[in-house]
Amino acid sequence: MVAPPTAPPWRRITSLEVLCAVLVLALLAQGPLTQLLDIPAVRTGATVFVAVCVQAMPFLVLGVLVSALIAAFVSPLALRRVLPRTAAAAVPIAGVAGMALPGCECASVPVSRRLMQQGVPPAAALAFLLAAPAVNPVVLVATAVAFPGEPRMVLARFLGSMATALVMGWLWARFGQPEWIAARALRRPECPASRSAWVVFTDAARHDLVSSGGFLVLGGLTAAALNVVVPASWMASLTGQVVLGVVVMALLAVVLALCSEADAFVAASLTAVPLLPRLVFLVVGPAVDVKLVALQAGAFGRGFAGRFAPATFVVATGCAVLAGVLVLGGAR
Amino acid sequence: MRRETQNVLLVLLGGALCKIAWNGDYLRYVKPSLLPFLVCAAVVILALGVISIGRDVRADRSEHGHHEFGYHEFGHHDHVGRSPWLLMLPVLAIFLVAPPALGADTVSRSARAVAPQRSAFHYPPLPAGPAPALPMSEFVTRAVWDDAGSLNGRQVRLAGFIVHGAGGATYLSRLVMSCCAADVTPVTVRLESRTALWELPQDSWFQVRGQVVPGSARSGTHFTPTLTVSDLQPIRAPSEPYEF
């Protein structure tokens, strides 16, 4: 490799050298780092952090691969032919399509961003983003298994989550501004004709994995910290309290950032809490939690996440309460 | 961040996942059934890193500055910002620290136990034999729900770790996982013994032989049954630390 003639006499420090330095420093500091684990709270937090990352990584990889397949093999033209012309009409189709991606929320973020890049209206891609982790068969079966005595819980969860996805999609179609989504999110990777589909596929997957992996780690870090900090006595104080229960369970769904395939079991174990707040927990969790907000901020920009997440929180809570009252017949 | 650095990070991350899948440490964090998916994810991440490194090397060699594959649109800088640096954290945590399985700290952090879910209305009789080994969660469920009293008058063996609670009580505990270590819930049994239990170190694993105190798992005791201990053996922490 020949250095260009204009290169300065010293080489700039690149990220590769920084990486090596960090690795060497970490190796040298291994002793003190391990001693940190003597503090019980740090030990618990570290385990939860690694657990969230390890649990989510396979699903993120699945999402990244699906997204790369779309990039390499599904042309924007084909997508446009399948979807209705208006965004409002495309929203329900995207919501139903969410049933086909059997993953949790980490998988759906890269896929929905790719759909936007390929020309799918953002409203429809966002409906897919919210529907996929909540209404897919794996999650619904897990919910049925977790609530053996309450089959209506499955229907209520399905309706609440689907309604959340559709309402948010239509809200975006009506009020959403394109500039809220960071420009880099929508820029299609340039595709010279010389690039084979395989190169496009691997490069898209690599790029998505690197960019969303970091945000997944950020989400895992937040979830672990909150897991240690939030007092569990919150839940114990909810016996028989419906309104307070709805608010606290909705907030807990956000801060705990559980996988949508696991949250039903956690909700089922909170036997002291009435059913309606537990349904709110199941509908809000897959739609908005700290891990997901971090992933969204990474994929679509902070301006987007700052508007989308609070709106989703309100809509999801409302839809869950409505579905609960209709299907479960009240708070119970 | 340069492409090269990103690729190295991917290789490190894939390597870290391979490591915990290979040496069984993944059981501290997730369910055993996740193993195939974990291995697939590790292989895909490793492969993406290695393929990209190989492609960069070939592109550099083929002719410097000639952008054969067309992915050098932004020079060596991919526009992903600084977030990929965070990928270092799980890599370092796994390779350097390897956080242990959750234990007594999680139990004392959890809310007071609520009644375990009623999983069946008729419980089969306990297995025959002098002192059958039971999962902790099954023991507690039977103690709370079984009206037929299948536990009463029977010696059983339980395996778990020691938790010292407020007021000098000592508990044997186990964590029940549904998906990953972020969602564990504890099951606990209060130990009652003539010997001094408070000397047992917190978080140490024991196999306990004993008999349930009938009617001890009520709402007044937060559905924590009491076990009269007849024998206590230290054991090694199991490779599968959680119940499911």
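About the thresholds
Residues numbered from 1 in each chain as written. Chains lettered and ligands numbered in written order. Predicted model: local features only at pLDDT ≥ 70, side-chain atom pairs only at ≥ 80, totals over all residues. Helix = DSSP H or I, 4+ residues; strand = E, 2+ residues; numbered from the N terminus. Rg over C-alpha atoms; globule rule 2.2 N^0.38 Å. Buried ≥ 20, exposed ≤ 12 C-beta atoms within 10 Å, placed from the backbone. Contact = placed C-beta atoms within 7 Å. Pairing = 2+ DSSP bridges. Axes fitted to C-alpha atoms, helices over the stretch in contact; angles between N-to-C directions. pLDDT = per-residue confidence, 0-100. Nonpolar A, V, L, I, M, F, W, Y, C, P; charged D, E, K, R; others polar. Parallel < 35°, antiparallel > 145°, perpendicular 65-115°, else oblique. Left-handed = near helix turned anticlockwise from the far one by under 90°. Core = buried A, V, L, I, M, F, W, Y, C linked by C-beta atoms within 7 Å.

## Quick look at the overall build of chain A
For chain A, the helix and strand inventory stands at 17 helices and zero strands. The C-alpha radius of gyration of chain A comes to 22 Å, within 12% of the 20 Å expected for a compact globule of 332 residues. Taken along the three principal axes of its C-alpha coordinates, chain A extends 75 × 60 × 30 Å. The 332 residues of chain A split such that 55% are buried. Counted over contacts in chain A with a minimum sequence separation of 6, partners at least 24 positions apart contribute 86%.

## Some words on the overall build of chain B
Helix and strand content of chain B: five helices and five strands. Beginning at the N terminus, the succession of helices and strands in chain B can be written as α-α-α-α-α-β-β-β-β-β. The 244 residues of chain B split such that 38% are buried. Long-range contacts, defined as pairs at least 24 residues apart, comprise 72% of the intrachain contacts of chain B with a sequence gap of at least 6.

## Notes on the pairing of strand β1 (residues 155-164) of chain B
Residue and element names in this part refer to chain B. In this structure, β1 lies alongside strand β4 (residues 205-212), joined through seven bridges in antiparallel fashion. Along β4, the bridge assignment pairs Arg157 with Arg209. Of the pairings in the sheet, the one linking β1 to strand β2 (residues 170-176) comprises four bridges and is antiparallel in character. The residue bridging Phe161 from the neighbouring strand is Ser173, located in β2. Between β1 and β2, which follow one another and run antiparallel, lie five residues, and Gly167 among them has a positive phi close to 75°.

## Some words on the environment of B:Val213
Residue and element names in this part refer to chain B. Secondary-structure assignment places Val213 in the loop between β4 and β5 (226-234). Given 17 C-beta atoms within 10 Å, Val213 falls into the partly exposed group. Between the C-alpha atom of Val213 and that of Asp147, which follows or precedes it by 66 residues, the distance is 14 Å. Apart from residues no more than four positions distant in its own chain, Val213 is found in contact with Thr226 and Thr228.

## Quick word on the sheet that holds strand β3 (residues 185-192) of chain B
Residues and elements named next belong to chain B. Judged by pairing direction, the barrel is mixed, and its five strands sit side by side in the order β1-β2-β3-β5-β4 before closing back on the first. If you compare each strand with its neighbour and ignore which way they point, the axes differ by 55° on average. Running over the sheet, helix α5 (residues 136-145) touches β1, β2, β3 and β4 and is turned about 70° from β3.

## Some remarks on the confidence of the model for chain B
Mean pLDDT for chain B: 85, with 88% of residues reaching 70 or above. Predicted complex metrics record ipTM = 0.90 and pTM = 0.82.

## What to know about the interface of chain A and chain B
Interface size is commonly expressed as the accessible surface area that is lost when the partners come together. Tallying the contact residues gives 69 residues for chain A and 65 residues for chain B. Listed by contribution, the elements that provide at least two residues to the side of chain A that touches chain B are α1 (15-28), α2 (30-36), α3 (40-73), α11 (197-229), α12 (233-236) and α14 (263-269) of chain A. It is α3(A) that provides the largest number of residues to the side of chain A that touches chain B, a total of 18 residues. Partitioned by chemical class, the residues of the side of chain A that touches chain B number 44 nonpolar, 18 polar and seven charged.

## Brief notes about the packing of α3(A) against α11(A)
Residues and elements named next belong to chain A. At a minimum axis separation of 7 Å, α3 and α11 run at an interaxial angle of 155°. Judged by the angle between their axes, α3 and α11 are roughly antiparallel. Crossing of α3 over α11 shows right-handed handedness. Split into classes, the residues belonging to the contact of α3 with α11 amount to 28 nonpolar, seven polar and one charged.

## Observations concerning the nonpolar core
Within the largest apolar cluster, 152 residues are counted, with the highest numbers of intra-cluster contacts made by A:Val52, A:Ala124, A:Ala127, A:Val280, A:Val284 and B:Cys180. The element contributing the most residues to this core is α3(A), with 21 residues. Setting aside chain neighbours within four positions, we find A:Ala124 in contact with A:Leu83, A:Ala87, A:Ala90, A:Val91, A:Ala94 and A:Gly169. Of all hydrophobic cores here, the second largest spans 25 residues; its members include B:Ala104, B:Val156, B:Leu227 and B:Val229.

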